[in-house]
Amino acid sequence: MSATDRLVANNTAFAGHFDLGHLKASPTSHLAVLMCMDSRIDTFRAFGLTAGEAHIIRNAGGVATDDAIRSLMLSQRVLATEEIVLIHHTDCGLLGASEYELYQQIHAETGVRPGFSLEAFTDVEEDVRRTARKIKATPFLRHDRMRGFVYQVETGRALEVELY
């Protein structure tokens, strides 16, 4: 059975007992989380969230890409979120990665260089601050209630980062 087949089977079992109940599109905690896509982080268990409480926006590195900013903007302006939490983590695949080498490899394989930055970094706390600065500089987002954290994959603990 492939991994996708297993997902489909699990979803079929889930749907057999599914009850949307009282959940609405607007998160009950009025919280939006921008974080890395790393599969070692179970956001709901690690932070005590349940379905319907927060918007979770994930991408490689938890980067404030144009699409992440778009999602945060819609989360705030259409679905009433009021707080932003940034979560980066230790042992991230982008930590110390070489954008140049990856671009060279992709160019050699495809003949095309990606038109986007990978946003590799060398200091995870500074990267949280860099993401916060990018969000703060975005006129489309309210950022007065924003906090940042580094999740330690080794311990499961999130440590707060002073953003400014």
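Structure: above.
### What to know about the pattern of salt bridges
Inference 1: Inspection of the entire model under this criterion finds 13 salt bridges.
Inference 2: Across the salt bridge formed by arginine 40 and aspartate 38, the nearest N and O atoms sit 2.7 Å from each other.
Inference 3: With a relative accessible area of 41%, arginine 40 lands in the partly exposed category.
Inference 4: One salt bridge in this structure joins glutamate 160 and arginine 147, with 2.7 Å as the shortest N-O distance. Of this pair, glutamate 160 sits in strand β5 (residues 158-161) while arginine 147 sits in strand β4 (residues 146-151), placing them 13 residues apart in sequence.
Inference 5: For glutamate 160, a relative accessible area of 45% corresponds to the partly exposed category.
Inference 6: Here the residues in one salt-bridge network are Glu119, Asp127, Arg130 and Lys134, joined through shared partners.

### Things to note about the nonpolar core
Inference 1: Grouped together as the largest cluster of nonpolar side chains are 24 residues, with contacts concentrated most on Leu34, Leu72, Ile84, Leu86, Val128, Ile135 and Met146.
Inference 2: Elements represented by at least two residues in this core include exactly β1 (31-36), α3 (66-77), β3 (83-89), α5 (124-136) and β4.
Inference 3: With four residues, α5 is the single largest residue contributor to this core.
Inference 4: Leave out the neighbours within four places in its chain, and isoleucine 84 touches Ala32, Leu72, Gln76, Ile135, Arg142, Arg145, Met146 and Arg147.
Inference 5: Membership of the second largest hydrophobic core comes to ten residues, among which are Leu31, Met35, Ala54 and Phe149.

### So, the packing of aromatic side chains
Inference 1: The full count for this structure, using the stated rule, is two aromatic pairs.
Inference 2: Ring geometry for phenylalanine 14 against phenylalanine 18: centres 5.3 Å apart, planes inclined by 50°, an arrangement best described as tilted.
Inference 3: Given a relative accessible area of 47%, phenylalanine 18 falls into the partly exposed group.
Inference 4: Between phenylalanine 47 and tyrosine 151, the aromatic rings sit 6.2 Å apart at their centres with planes inclined by 50°, giving tilted as the arrangement. With phenylalanine 47 in helix α2 (residues 43-47) and tyrosine 151 in strand β4, the pair connects residues that are 104 residues apart, well separated along the chain.
Inference 5: Judged by relative accessible area, which is 32%, phenylalanine 47 ranks as partly exposed.
Inference 6: The lysine or arginine in question, lysine 136, covers the ring of tyrosine 164, its NZ or CZ lying 4.4 Å from the ring centre.

### A look at the side chain of glutamine 76
Inference 1: Examined against the element boundaries, glutamine 76 turns out to sit in helix α3.
Inference 2: Classification of glutamine 76 as buried rests on a relative accessible area of 4%.
Inference 3: Contacts of glutamine 76, omitting those with residues within four sequence positions, involve Thr81, Ile84, Phe140, Leu141 and Arg142.

Reading guide: rules and limits
- Residues numbered from 1 in each chain as written.
- Predicted model: local features only at pLDDT ≥ 70, side-chain atom pairs only at ≥ 80, totals over all residues.
- Heavy atoms only, no water.
- Salt bridge = Lys/Arg side-chain N within 4 Å of Asp/Glu carboxyl O.
- Buried < 20%, exposed > 50% of the residue type's maximum accessible area, 1.4 Å probe, protein only.
- Helix = DSSP H or I, 4+ residues; strand = E, 2+ residues; numbered from the N terminus.
- Core = buried A, V, L, I, M, F, W, Y, C linked by side-chain atoms within 4.5 Å.
- Contact = heavy atoms within 4.5 Å.
- Phe/Tyr/Trp six-rings, centres within 6.5 Å; stacked < 30°, edge-to-face > 60°.
- Lys NZ or Arg CZ within 6 Å of the ring centre and 35° of its normal.

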